[in-house]
Amino acid sequence: MQPLDGDEFLLDTPVVRGFVAAVRESIAAAVSADDACESIRPRFAELLADRACLPARFRESAPEGGMGGGIGQWLLFRAGDRSLSLFSLVVPPGSETPVHNHLAWGLVGLYQGTQDEEIYAEHDGALELTESRAPRPGDFYALIPPRDDIHRVRTTSPASSISIHLLTNDTGCVWRHTFDPESGERQPFRSGYVNVACTDP
Ligand SMILES: [Fe+2]
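Computed from a predicted structure; not experimentally measured.

What counts as what
Residues numbered from 1 in each chain as written. Predicted model: local features only at pLDDT ≥ 70, side-chain atom pairs only at ≥ 80, totals over all residues. Heavy atoms only, no water. Helix = DSSP H or I, 4+ residues; strand = E, 2+ residues; numbered from the N terminus. Rg over C-alpha atoms; globule rule 2.2 N^0.38 Å. Buried < 20%, exposed > 50% of the residue type's maximum accessible area, 1.4 Å probe, protein only. Contact = heavy atoms within 4.5 Å. Pairing = 2+ DSSP bridges. Axes fitted to C-alpha atoms, helices over the stretch in contact; angles between N-to-C directions. Parallel < 35°, antiparallel > 145°, perpendicular 65-115°, else oblique. Left-handed = near helix turned anticlockwise from the far one by under 90°. Donors = N, O, S within 2.8 Å, 3.2 Å for Na, K, Ca; no water.

Topic: the overall build of the chain
Here comes step 1: The number of helices and strands found in the chain is two helices and 12 strands.
Here comes step 2: Traced from its N-terminal end to its C-terminal end, the chain shows the element sequence β-α-α-β-β-β-β-β-β-β-β-β-β-β.
Here comes step 3: Its C-alpha atoms give the chain a radius of gyration of 16 Å, within 12% of the compact-globule value 17 Å for 201 residues.
Here comes step 4: Seen through its C-alpha atoms, the chain measures out along the principal axes to roughly 45 × 35 × 35 Å.
Here comes step 5: In the chain, which comprises 201 residues, the share counted as buried stands at 52%.
Here comes step 6: Contacts in the chain between residues far apart in sequence, at least 24 positions, make up 72% of those at least 6 positions apart.

Okay, structure coming up:
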């Protein structure tokens, strides 16, 4: 991926800037992805608990969103070298994502609403359902591929669910995959962001 002209703060607030700076310090000091996630945890928990950090425009569904189902993927921040992104994922009531992967490690947590989440492992081209979870607001986990990399989320609350993702790639613009959970067949997939175009081929 081509580097950008610089860091992009689509949500340019002291909270987001402070969070990103702390994350970068954690990553620089960490000896592994596990170690970095462990060190980022307290700041991520704080962000999920901050009811004011996400303005209304980043909580909207998106009829034309690349995930389908009216799902809105809103970029809050991405690093100029595309090595880090922070975004909200707004899944309307009754809607669900396709089964998909992320191809980078990071932290994913629920900010609003409730979800059912199904996690899959891939073995020899077939998918195996390994875990089902029902996260509540404030719940989050470290996603370290291949562990937890393939999942599907479905909103179970009467209002949209909103999760916040911190991942070590430019997730919306990376070519990744959706999967047919029955056959395990994968398709190339790029979700995009509602508020930023992907200019890479
Ligand atoms: Fe996901």
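Having seen it, we continue.
Considering the sheet that holds strand β2 (residues 72-78)
Here comes step 1: If you walk across this open sheet you meet the six strands as β1-β2-β3-β10-β5-β8, and the pairing is antiparallel. Pairing within the sheet leaves two strands with one partner each, and these edge strands are β1 (8-9) and β8 (140-143).
Here comes step 2: Across two bridges, the pairing between β1 and β2 is antiparallel. Looking at the pairing, Phe9 lines up with Phe77 of β2.

Quick word on the packing of helix α1 (residues 14-29) against helix α2 (residues 33-49)
Here comes step 1: It is at 8 Å that the axes of α1 and α2 come closest, and there the two elements cross at 165°. Put simply, α1 runs roughly antiparallel to α2. Once α1 is placed against α2, the crossing between them reads as right-handed. Counting all contacts with α1, which are made through Val15, Gly18, Phe19, Ala22, Val23, Ser26, Ile27 and Ala29, the residues of α2 involved are Asp35, Ala36, Ser39, Ile40, Arg43, Phe44 and Leu47.

Focus: the coordination of the iron ion
Here comes step 1: Of the protein atoms, only His100 (NE2), His102 (NE2) and His151 (NE2) coordinate the iron ion, at distances of 2.1 Å.
Here comes step 2: Taken in sequence order, the residues that donate to the iron ion follow the motif H-x1-H-x48-H. The exposure classification of His100 matches that of His102, with both residues buried.

Focus: the pairing of β8
Here comes step 1: Along β8, one buried face is formed by Phe140 and Ala142 and the opposite face, lined by Tyr141 and Leu143, is buried too.
Here comes step 2: Looking at chain direction, strand β5 (residues 106-112) and β8 are connected through four bridges and run antiparallel. Residue Leu107 lies in a different strand from β8, and its bridge partner there is Ala142.

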